[in-house]
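# Per-entry structural report
Here's the letter readout for the chains.
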Amino acid sequence: MPLVRELIKTDAENLESEVSNRIEKVSGSVTLFIVDMREISRILARSEQAKSSRFLNLAGKLLLEVCGEQDRIYRIGDSTFGVLLTGIESIVHQQMAAEKISRLKNDAIREMGAAFNSNIRIGIASYPEDANNAIGLIHKARIALESAQLLGKNYVIYSKNSASDVSTKWNLQEELAAAILANKFRLHYQPKVDTKTGRPIGAEALLRWTNEEGVAVRPDVFIPVACDIGLINELTRYVLTTALIESAQWPDIGHRYNVSVNLEANTVHETDIQNIVSSSLSIFGSDNCDLTLEITETSLLEASKQNFRCLNELRAMGVGISIDDFGTGYSSFSYFKDIPATELKIDKSFIDKILDSDKDRNLVETIVMLAHRFDLSVVAEGVETADQLEALKQMNCDYVQGYYLSKALPNNEIGEWFAKHRA
Ligand code: C2E
Ligand code: CA
Ligand code: CA
C-alpha cells in the first residue's frame, strides 16, 4: 500500500468521522496533535495575506514528513492542523514528535525567508489513554491546546491539571461574555495633571468589572480574555461612548478636558477601529473634551503600514495618539520620525527608578527631551511620591498621573476632584 502523503482538508464534523475511522482501523494507540499556527500566520498576513497562505501550505507539506503509512494529517482550520500519529506509546515519544513538529515550523519560516521566529501551540491527547472515542480524543487535544496557549508553552500533553486550568479559563470567558451583554462594567477615571501648574488637564478612563461573586477582576486579566472571545470591540465601544458621555458632565475647569481611552493592541489592525471612534465621536462627542487613544509601544513596534494609515486617519479626525508604556518595547530612534503620535507616556517602571541613580534620571530626562524634539507631549505614569513629581518637574515632563495625585475614581467622584483642584 502506498504511503498516504496528502493533506486532508476537513471541518470539525468530518474530523470526528475521520478520527473515528482511524481508531477503528488501527490497532493500538492513536495520538492526536492539534497544531495551531495562528500567531505566525497573523504576523505574515500583516505584511501580505498571500505570504500567510504560502507559509501554511508549506508547513502542511513539511508536516507530512512526520507521517508514516498509518498516520494522517488534516487541515482543520485556517491555520490549524491535526496530526494523527499511531504507535506512539510513551510520553517521551509524544514529546519527541512535538519537538519535531516545532522544528518543521522553523524550517517553513526559514524557507519563506522570513526574519522572525514565533511560536506554534500544540495540544496532544491519546486514545485510549485520555479518551475512549474520537469525540473525546479531539476534545482532550483541544483542552491541551488551550492549556498551551494559556501557559505560553509550545506544547502540552493532556492531563487532569491542564483540564482544570482550561475550565477556569472557559468559565471566565462565559462569565465575561455574559457581563458584556448585560453591560456590567463601569469606568473609573485617573486624573492627569499639568506638572508645572498642578492643575488637572483631563483623565484616563480605566475599565472596572466586579463579577457575580463580588470579586473585582483586574482589566489586565479580563481584557485579553475579551480579545480571545472576540468581544473586545464591544468593550472598546462601551469605554469610548461612556467616557464621552460622562466627561460631558464634568465641571468647567477653564479649558477642554483631555480624555484618554486605552486601545487593545490587536484592534488597531484587525478591526474597523476608525468607524467605532468616528461614530462614537459624532454621536457623543462634546464641546468640552478632546479624545486621546492610548496604544502600547509594543503594539506600535509591530505596526505595519496599514496600522500607520489607520493611526493617521484617527489623527485626521482630531484624535490624539498616545504611546503607552513607553520604554518597555525597545524602540529605535528612527521610529520617532514616522509615528503619528501626539503624546508619549513613560512607563511606571522608569518613574519608579528616577530617584535611584543619576543614570536612571538621565534616561528619563533624555526621553523627555527627545519627545519634545518630535513635538510629542510627555506624561509620566505611576507617580507615587512628591519627590518623583519634583524630579519630573525639573526634567520638563509635561503631565503626571499616579497615586500621589489620585487613584482612578468613579465618575461621581472625579467631577468633585476636578472642581476641588481646578484653581
Ligand atoms: P495602563 O494603561 O498602563 O494603566 C495604568 C494602570 O496603572 C492602571 O491599572 C492604574 O490604575 C495603575 N496605576 C495608576 N497610577 C498608579 C500608581 O501610582 N501606582 C501603581 N502601582 N499603579 C498605578 P488598571 O486600571 O488595573 O489597568 C491595568 C491595565 O489594563 C491598563 O494599563 C491597560 O493596559 C488595561 N486597561 C484598563 N482599562 C482598559 C480599557 O478600557 N481598554 C483596554 N484596552 N485596556 C484597558
Ligand atoms: Ca494606559
Ligand atoms: Ca501605561
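As the structure is a prediction and not an experimental result, all values here were calculated from the model.

Moving on, we come to the packing of helix α8 (residues 232-247) against helix α10 (residues 273-284). Interhelical geometry of α8 versus α10 gives an angle of 25° and a closest axis separation of 10 Å. Here α10 runs roughly parallel to α8, going by the angle between their axes. Considering the relative orientation of α8 and α10, their crossing is right-handed. Residues Asn 233, Thr 236, Arg 237, Leu 240, Thr 241, Leu 244 and Ile 245 of α8 form the contact with α10, whose participating residues are Ile 276, Val 277, Ser 280 and Phe 284. Split into classes, the residues belonging to the contact of α8 with α10 amount to 6 nonpolar, 4 polar and 1 charged.

On to the site of ligand 1, then. In the vicinity of ligand 1, 20 residues are found, and the nearest of them are Leu 206, Pro 219, Asn 262, Gly 402 and Tyr 403. Counting residues per element, the shell around ligand 1 draws most heavily on helix α7 (residues 219-228), which supplies 3 residues. Considered class by class, the residues forming the shell around ligand 1 number 9 nonpolar, 4 polar and 7 charged.

Backbone-to-backbone hydrogen bonds join strands into a sheet, with any given pair of strands oriented parallel or antiparallel. As summarised here, the arrangement of the 6 strands in space is β1-β3-β4-β2-β5-β6, forming an open sheet in which the pairing is mixed. Each of the sheet's edge strands pairs with one partner strand only, and the pair in question is β1 (7-9) and β6 (155-157). Put simply, the sheet's adjacent strands are angled 25° from each other on average, direction ignored. Sheet topology places strand β2 (residues 30-36) next to strand β5 (residues 121-127); 7 bridges connect them, and they run antiparallel. Among the inter-strand pairings, Asp 36 is bridged to a residue of β5, identified as Arg 121. Across the face of the sheet, helix α5 (residues 134-151) comes into contact with β2, β5 and β6 while running at roughly 150° to β5.

Val 259, Val 261, Leu 344, Ile 346, Val 378, Ala 380 and Val 400 are the most contacted members of the largest nonpolar core, which totals 60 residues. Setting aside chain neighbours within four positions, we find Val 259 in contact with Gly 202, Ala 203, Ala 205, Ala 243, Ser 247, Cys 289 and Leu 291. Counting residues in each nonpolar core, the second largest holds 47 residues, with Val 30, Ile 34, Ala 144 and Tyr 158 among its members.

Our next topic: the domain arrangement of the protein. How big an interface is tends to be reported as the loss of accessible area on association of its parts. Domain annotation for the protein reports domain 1 (7-158) and domain 2 (170-421). One C-alpha centre belongs to domain 1, the other to domain 2; they are set 39 Å apart.

A word on helix α1 (residues 12-25). Residues separated by three or four positions in an α-helix point in the same direction, a consequence of the helix having 3.6 residues per turn. The end-to-end C-alpha separation of α1 is 20 Å, in line with the 20 Å expected for 14 residues at 1.5 Å each. Lining the buried residues of α1 we find β2, β3 (72-77), β4 (80-86), β5 and α5.

Attention shifts here to the pairing of β3. Looking at chain direction, β1 and β3 are connected through 3 bridges and run parallel. Across the sheet, the residue bridging to Lys 9 is Arg 75, located in β3. Pairing analysis gives 5 bridges linking β3 to β4, with the strands arranged antiparallel. Its bridge partner lying in β4, Ile 73 is registered against Val 83. What sits between the antiparallel neighbours β3 and β4 is a turn of 2 residues.

Glancing now at unusual backbone geometry. The omega torsion across Tyr 127 and Pro 128 is 5°, close enough to zero to call that bond cis. One non-glycine residue, Asn 183, lies in the positive phi region at around 55°. As for its placement among the helices and strands, Asn 183 is situated in the loop between α6 (160-181) and β7 (185-194). Phi angles above zero are rare outside glycine, and Asn 396 is one such case at about 70°. Relative to the helices and strands, Asn 396 is located in the loop between α16 (386-394) and β15 (399-400).

Parameters and conventions
- Residues numbered from 1 in each chain as written.
- Chains lettered and ligands numbered in written order.
- Predicted model: local features only at pLDDT ≥ 70, side-chain atom pairs only at ≥ 80, totals over all residues.
- Axes fitted to C-alpha atoms, helices over the stretch in contact; angles between N-to-C directions.
- Helix = DSSP H or I, 4+ residues; strand = E, 2+ residues; numbered from the N terminus.
- Parallel < 35°, antiparallel > 145°, perpendicular 65-115°, else oblique.
- Left-handed = near helix turned anticlockwise from the far one by under 90°.
- Contact = placed C-beta atoms within 7 Å.
- Nonpolar A, V, L, I, M, F, W, Y, C, P; charged D, E, K, R; others polar.
- Near = placed C-beta within 6 Å.
- Pairing = 2+ DSSP bridges.
- Core = buried A, V, L, I, M, F, W, Y, C linked by C-beta atoms within 7 Å.
- Buried ≥ 20, exposed ≤ 12 C-beta atoms within 10 Å, placed from the backbone.
- Domains from an automatic or database assignment.
- Expected span 1.5 Å × (residues − 1).

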